[in-house]
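One letter stands for each residue in the lines below.
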Amino acid sequence: MNELSERDPKGKRGDRNALPAPDPPLLEVAGLCLHYPQGGGQAPVRAVDGLELRIGPGETLGLVGESGCGKSSAARAIAQLVRPTAGQVRFQGRELTGLAGRALIAARQGMQMVFQDPYAALDPRMTAGELIAEPLHIYRNRGLLTLSRTGLAERVAELMEQVGLPRALRDRYPHQFSGGQRQRIGIARALAPRPELLLCDEPVSALDVSIQAQILNLFKDLQQAFGLAYLFIAHDLAVVQYVASRVAVMYLGRLAETAAAADLYRDPLHPYTRALLSAVPIPDPQVERRRQRILLSGEPPSPDQLLAGCPFHSRCAQRLEVCARHTPRLREAAPGHQVACFLYHPPEG
Amino acid sequence: MAAEPAGHLESLEPLASGAPLLRVQDLRVRFATGDGLVQAVAGVDLRLARGETLGLVGESGSGKSVLSLALLGLVPQGQVTGQIWFRGEELLAMSPARLRRLRGDRIAMIFQDPMTALNPYLRIGTQITEVLRLHQGLGRRAARERAIELLRDAGIAAPERRIDQYPHQFSGGMRQRALIAQGLACGPELLIADEPTSALDVTIQAQILDLIRLRTRSLGTAVILITHDLGVVAGACDTLAVMYAGRIVERGPTGPVFQAPRHPYTQGLIRSVPRLDRPGAERLVAIPGQPPSGIGLPPCCPFHPRCAQVLPICRQALPPEVDLGGGHGVACWLYPEPR
């Protein structure tokens, strides 16, 4: 871990205690863009287009949005699994975007990913024990970790215990596990290098309801035990409310709104956030009967056909004339509550 | 699916009032697999009234999709036993030709993934006019006009233009709308919708559920809505049936069942879902363990290994369904049969 254990000294800026994101952030993403080129002289697909995020130590930031909004692309660009087109990703005080090879692997040791489909993320020919040991081998082979053979076996056993897998299952193959158990293997792999931040991309959406609750509780337990921070990407707003302390709502590659979870769910400002929240079904017929839905017309435009103006204006019931011409920037509407919408701050001041 | 001529359905007698549209008795579906015989549906009884919307809830492997396919005679590779009466006719004893006439006309189905349910090589219009020409004997032009109308009713803008496009030119939500237009083309009496919104985003899900509700209400169509999402059931269904390991473990009118679920599995399901209207929940109550695989199910309550209220008898015998009154039924040994 050597050079990784050094941290920025905790800068004391007590006057900023109104902001929910603590200083200094563990992860700071600024102006992140990920544009996928298209053939035939077409404009690139702007999957992520100027994303700003901060995550403090031990904090959970929920990143929500619908399919195609760029939330998974954002996670991949943050982890440098795909190289961002532009922007900065500062993690544990170190800029990741310029790094490559061993330096990148070293700098990224504290940031690991958990994927949606644990079956696709696990090599079917490796046993659970081998799968969990694999990341340890990767860091050990590069001299980033010292572990003896017995130490490695002990660490695998410890990880299995931490994620609630019986040790006796270490020699089984992925297909012999249920979906929930596979996700536990995926989480154990992510925990192996002792990360400070997990990037979780829809980690419970492939799971059955009864199993989803088990895994969500596991995420909470691990956070308490190890002080983990999460970037928790999900389309299910009820799940995000359960796990996140802050929430960022993404629409077509940009943030529409970000706030402390309690504020965002109690007082959503952006018309898109409001529609999104009103569309989530609540498992209670009496509540459902009383609810007023904001039915959005149409569907999100394709990210390769972005029009001028606010990306949401074509579906927005409250759009102003300016919304089709200018793109609103994310700005503070209340302390710690930022929204990119002209309803809250007119253009040019 | 190859379109064999279905022929017209002679006008059916109006259903006697009070008679159920659909009645299922002791339906069982088994599949032979490399790992052994799988009981996907293990004895299901069901009644559906005209115009009723029933939510069929369960986790993956609970048998809800196989049950719905069996209702359509679409599990040729499985052994299907039991009885299914649709408007008093026995479906399992029916000739394939007769069944083909009913399917697509009186009984329609829409699937989770509209891309695989639509033929990518055929224009959207062709896939709807085919149904109209087969079942209603409409001519080419009349079928096209009707298809445009149906697409418009399904909320597709500019249907005159859209009708000549291919499925890949439609978004996921639009494809589901096209599939709904196709399914409802002949004004069926029963629509089976298998996870119709699970592949869609929540804002689109709300649109599609709204559309299904409006269209089936105006046609008087009964719906079996298969879903894993209790929120969808709460908002869209009159009644619900909860499936576990191939059986219905609890059923009843949506309101009472949600208000006072009786089966420990139903209780667990409702408690394990985070709710948008309940912020600040400290911990979800998860159901421990894993759902059974359906292979070698013991002749006792299949939920007992995961049940916190397990009794000795639960490990010995299968609980019968007990009527709790008001259409609310539960199959659990905690509720002994009244003598």
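Residues numbered from 1 in each chain as written. Chains lettered and ligands numbered in written order. Predicted model: local features only at pLDDT ≥ 70, side-chain atom pairs only at ≥ 80, totals over all residues.

(A) Focus on the overall build of chain A. Tallying secondary structure elements over chain A gives 11 helices and 12 strands in all. A compact globule built from 349 residues would reach a C-alpha radius of gyration of about 20 Å, and chain A, at 21 Å, matches this within 12%. Along the first, second and third principal axes, the C-alpha set of chain A runs to 65 × 55 × 50 Å. Out of the 349 residues belonging to chain A, those deemed buried represent 47%. (Helix = DSSP H or I, 4+ residues; strand = E, 2+ residues; numbered from the N terminus. Rg over C-alpha atoms; globule rule 2.2 N^0.38 Å. Buried ≥ 20, exposed ≤ 12 C-beta atoms within 10 Å, placed from the backbone.)

(B) View of the pairing of strand β4 (residues 86-91) of chain A. Residues and elements named next belong to chain A. Pairing of strand β1 (residues 27-36) with β4 involves five bridges; the strand directions are antiparallel. Within β4, the position partnered with V29 by the bridge is V89. Alignment of β4 against strand β5 (residues 94-95), held across two bridges, turns out to be antiparallel. Counterpart to R90 in the pairing with β5 is E95. Remark: two residues form the turn of the hairpin made by β4 and β5, two consecutive strands paired antiparallel; Q92 in that turn has positive phi of roughly 50°. (Pairing = 2+ DSSP bridges.)

(C) Layout of the sheet that holds β4(A). All names here are of chain A. Taking strand neighbours across the sheet as the criterion, the four strands line up as β2-β1-β4-β5 in an open arrangement whose pairing is antiparallel. In this open sheet, the two edge strands, each paired with only one partner strand, are β2 (45-55) and β5. As judged from the eight bridges shared by β1 and β2, these two strands associate in the antiparallel manner. Bridging from a neighbouring strand, L34 pairs with V48 of β2.

(D) Just unusual backbone geometry, in detail. Residue and element names in this part refer to chain B. Phi at E195 takes a positive value of approximately 45°, unusual for a residue other than glycine. Within the element layout of this structure, E195 appears in the loop between β7 (190-194) and α8 (202-219). For E195, a count of 19 C-beta atoms within 10 Å gives the class partly exposed. For A245, which is not a glycine, the phi torsion comes out positive at approximately 50°. As for its placement among the helices and strands, A245 is situated in the loop between β9 (239-244) and β10 (247-253). By C-beta crowding, A245 is classed as buried, having 23 other C-beta atoms within 10 Å.

(E) Layout of helix α1 (residues 71-78) of chain A. All names here are of chain A. Of all eight residues that make up α1, seven are buried, and the element is covered over most of its length. Turning to α1, its buried residues number three or more, namely K71, S72, S73, A74, A75, A77 and I78. Positive phi appears at Q80, one or two residues downstream of α1, with a value of about 65°.

(F) Layout of helix α11 (residues 264-272) of chain B. Taken residue by residue, α11(B) has B:P264, B:Y265, B:T266, B:G268, B:L269 and B:S272 as its buried positions. Packing partners of the buried residues in α11(B) comprise α7 (209-226) of chain A together with α9 (230-236), β9, β10 and α10 (254-259) of chain B. (Contact = placed C-beta atoms within 7 Å.)

(G) Layout of the interface of chain B and chain A. Contact with chain B, which involves 40 residues of that partner, is made by 35 residues of chain A. Elements with a contribution of two residues or more to the side of chain B that touches chain A: α8, α9, α10 and α11 of chain B. Among the elements that make up the side of chain B that touches chain A, the one with the highest residue count is α8(B) (seven residues). Each residue belonging to the side of chain B that touches chain A can be placed in one class, and the counts come to 19 nonpolar, 14 polar and seven charged. (Nonpolar A, V, L, I, M, F, W, Y, C, P; charged D, E, K, R; others polar.)

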